[in-house]
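Structure assessment
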Amino acid sequence: MSEFKLLIGGKLVDGAKSSPVLNPATEESVADCPRGSEGQLNEAVAAAKAAFPGWSATPIDERKKVVNAIADAIEANADDLARILTQEQGKPLGDATMEVYGTAAFFRYFTSLDLPVKVIEDSEGKYVEAHRRPLGVIGAIVPWNFPMILMAFKLPPALISGNTVVLKPAPTTPLTSLKLGELIKDIVPAGVVNVIADENDLGAPLTAHPDVRKISFTGSTATGSKVMEGAAGLLKRITLELGGNDAGIVLGNVDPKEAAPKLFQSAFQNSGQVCIAMKRLYVHESIYDEMCDELAALADNAIVGDGLKQGTQLGPLQNKMQYDKVWDLIEDARKSGKIIAGGEKVEGKGYFIRPTIVRDIEDGSRLVDEEQFGPVLPVIRYSDADDAVSRANASDYGLGGSIWSSNNDDAYDLALKMESGSVWINKHADLAPNIPFGGARFSGLGTELGEEGLLEFTQLKVINMAR
């Protein structure tokens, strides 16, 4: 694999030190990764600050050309990026390829948006306009489950709106971001985008840096709370897309054979390492046994393995810490429920866990109440739909949820009662760049994607003129 560099001020540079990135399927090194020092982080912020006046003054149509050129570079190097992504993250190569092309599509979507001056009042005595101005330097912190696509939630709207960026990928999946930095070095003006990898030690100084005007963070609720605390002293803007414990509620009029594959995919995509994965499933008692059997059969037949191998459907957990956490929840679930698929160690190297289905489990158990972020699904029996919604809403989280029914009107009525940022009907985890996305309660603050997501990277400026 090629050598990787940090991107600071338009130059590809070595880190202050280096350490290996492990392939979670083999536990072997993929490549040595440069790790930046706090001094290099300060250099990156300084470069972004210096580039801001010129970039913010660049006409938006010219900024759009640059963002489209980034999308072109991503597509032109899709095979290389996807292979790197699979090796550092673990997901099957086909899924990685879709993520890479999806990233380019998200970049292109934001070039379709504008930030026009809005006339609020045009009367005999008053003329009022609303302008949207860039904020300055943006710190974008990206997690390890979708290193490419979640970067595309942040980087293109930040650039379109005239901001400059310091991008910090997760320590265990930095290589795709560093490769992107290499690809765009000569596309974006020097300092407009900087990419710096760390060993989980630069998040706090980036968040608290006095020259960073906004932090856009995707990750755990616990870390998001620390980001909020670090940003508080300077009252800087924050967008936090945090954890979730999404509930799916299946009504009794659903055909288990038809719905089970969709439910399975909703829970186990990316080996369950999805913030909006279905993490607990409430099934009406009239179809509970059949649904459990269908889900168990799908789990037993799933092909788990190295993402580079043909036919692999589910890869490993991305890192040892997450692997240990999920196994701890499985062991606890043996006492609080009945494991009917999976739940056994996979021999050999790699952080593999077979998709695991747990039935006869209740609210109050750890697997139901906590976010597992892995390939384990608790299936909970219920008898009354309103009670199921109430139990779903009892979580501290509120990222997403779904209602499954053969009657859309009934599903819609229940969807209105779910307390989460997104509610899907007869599907789950359907995201698109034009659809706003955000969470309630412990699942985050602010909005990403859509026009609303673009506005999050701007300052509202009102000009109010007497006539």
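Residues numbered from 1 in each chain as written. Predicted model: local features only at pLDDT ≥ 70, side-chain atom pairs only at ≥ 80, totals over all residues. Heavy atoms only, no water.

1. Considerations on the nonpolar core
Grouped together as the largest cluster of nonpolar side chains are 85 residues, with contacts concentrated most on Ile74, Phe107, Leu159 and Val166. Aside from chain neighbours lying at most four places away, what touches Ile74 is Leu81, Val100, Thr103, Ala104, Phe107, Met148 and Leu180. Listed in part, the 28 residues of the second largest apolar core include Leu317, Leu367, Val368 and Met418. (Core = buried A, V, L, I, M, F, W, Y, C linked by side-chain atoms within 4.5 Å. Buried < 20%, exposed > 50% of the residue type's maximum accessible area, 1.4 Å probe, protein only. Contact = heavy atoms within 4.5 Å.)

2. Observations concerning helix 6 (residues 175–184)
Summarising burial for helix 6: nine of the ten residues are buried, a large majority. Regarding helix 6, the residues found buried are Leu175, Thr176, Ser177, Leu178, Lys179, Leu180, Gly181, Leu183 and Ile184. (Helix = DSSP H or I, 4+ residues; strand = E, 2+ residues; numbered from the N terminus.)

3. Some remarks on the pairing of strand 18 (residues 400–404)
Across the five residues of strand 18, five count as buried, placing the element largely inside the fold. Across the two faces of strand 18 the burial is the same, with Gly400, Ser402 and Trp404 and Gly401 and Ile403 all buried. Summarising the sheet, strand 18 and strand 19 (residues 422–425) pair through four bridges and their orientation is parallel. The partner of Ile403 across the bridge, within strand 19, is Ile425. Read as a crossover between parallel neighbours, the route from strand 18 over helix 14 (residues 408–415) to strand 19 is right-handed. (Pairing = 2+ DSSP bridges. Right-handed = clockwise from strand over helix to strand, strands pointing away.)

4. Overview of the packing of aromatic side chains
Pairs of aromatic rings are described using the distance from one ring centre to the other and the angle between the two planes. As enumerated under the stated definition, the model contains seven aromatic pairs in all. Judged by centre distance (5.6 Å) and plane angle (5°), the ring pair of Phe106 and Phe153 falls under stacked. Residue Phe106 is found in helix 4 (residues 93–110), and its partner Phe153 is found in the loop between strand 7 (137–141) and helix 5 (155–160); the two are separated by 47 residues along the sequence. Across this residue pair, the class does not change: Phe106 and Phe153 are buried. Through pairs of rings, three or more aromatic residues link up here, namely Phe106, Phe153 and Phe437. (Phe/Tyr/Trp six-rings, centres within 6.5 Å; stacked < 30°, edge-to-face > 60°.)

5. Some thoughts on the pattern of salt bridges
When the charged atoms of two side chains lie near each other, side chains of opposite charge can form a pair. Tallying each qualifying case throughout the model produces 32 salt bridges. The shortest N-O distance in the salt bridge between Glu199 and Lys17 comes to 2.9 Å. In this pair, Glu199 sits in the loop between strand 9 (193–195) and helix 7 (203–208) while Lys17 sits in strand 3 (residues 17–23), placing the two residues 182 residues apart along the sequence. The class of Lys17 is partly exposed, set by a relative accessible area of 42%. Between Lys417 and Asp386 there is a salt bridge, and its shortest N-O distance comes to 2.9 Å. Separated by 31 residues along the polypeptide, Lys417 in the loop between helix 14 and strand 19 and Asp386 in helix 13 (residues 385–393) bring together distant segments of the chain. On the basis of relative accessibility, which here comes to 43%, the residue Lys417 falls in the partly exposed class. Look at Asp386 and you get partly exposed, because its relative accessible area is 40%. Counted as one network, the salt bridges with shared partners bring together Asp289, Arg359, Asp360 and Arg381. (Salt bridge = Lys/Arg side-chain N within 4 Å of Asp/Glu carboxyl O.)

6. A word on a negative patch on the surface
Taken together, the side chains of Asp255, Glu258, Glu290 and Asp293 present a region of like negative charge at the surface. By relative accessible area, Asp255 is classed as partly exposed at 40%. (Patch = residues over 30% accessible without salt bridge, like charges linked within 9 Å, V, L, I, M, F, W, Y side chains within 5 Å. Areas by Shrake-Rupley, 256 points an atom, 1.4 Å probe, with all protein chains shown as cover. Lys, Arg positive; Asp, Glu negative; His and termini not counted. Charge placed at Lys NZ, Arg CZ, Asp CG, Glu CD.)

7. Observations concerning the packing of helix 2 (residues 60–76) against helix 4
With their axes 8 Å apart at the nearest point, helix 2 and helix 4 run at an angle of 170° to one another. When the axis of helix 2 is compared with that of helix 4, the two are roughly antiparallel. Residue-level contacts link Val67, Asn68, Ile70, Ala71, Asp72, Ile74 and Glu75 of helix 2 to Val100, Tyr101, Thr103, Ala104, Phe107 and Arg108 of helix 4. Here the contact of helix 2 with helix 4 is built from residues that sort into eight nonpolar, two polar and three charged. (Axes fitted to C-alpha atoms, helices over the stretch in contact; angles between N-to-C directions. Parallel < 35°, antiparallel > 145°, perpendicular 65-115°, else oblique. Nonpolar A, V, L, I, M, F, W, Y, C, P; charged D, E, K, R; others polar.)

8. A closer look at the sheet that holds strand 22 (residues 458–466)
By way of backbone hydrogen bonds, the strands of a sheet pair with one another, either parallel or antiparallel. Taking strand neighbours across the sheet as the criterion, the three strands line up as 5-6-22 in an open arrangement whose pairing is antiparallel. Edge positions in the open sheet fall to strand 5 (118–122) and strand 22, since each of these has one partner strand only. With strand direction ignored, the average angle separating the axes of adjacent strands in the sheet is 20°. Both strand 5 and strand 6 (residues 126–134) contribute to a ladder of four bridges, which runs antiparallel. Paired with Asp122 across the two strands is Tyr127, which belongs to strand 6.

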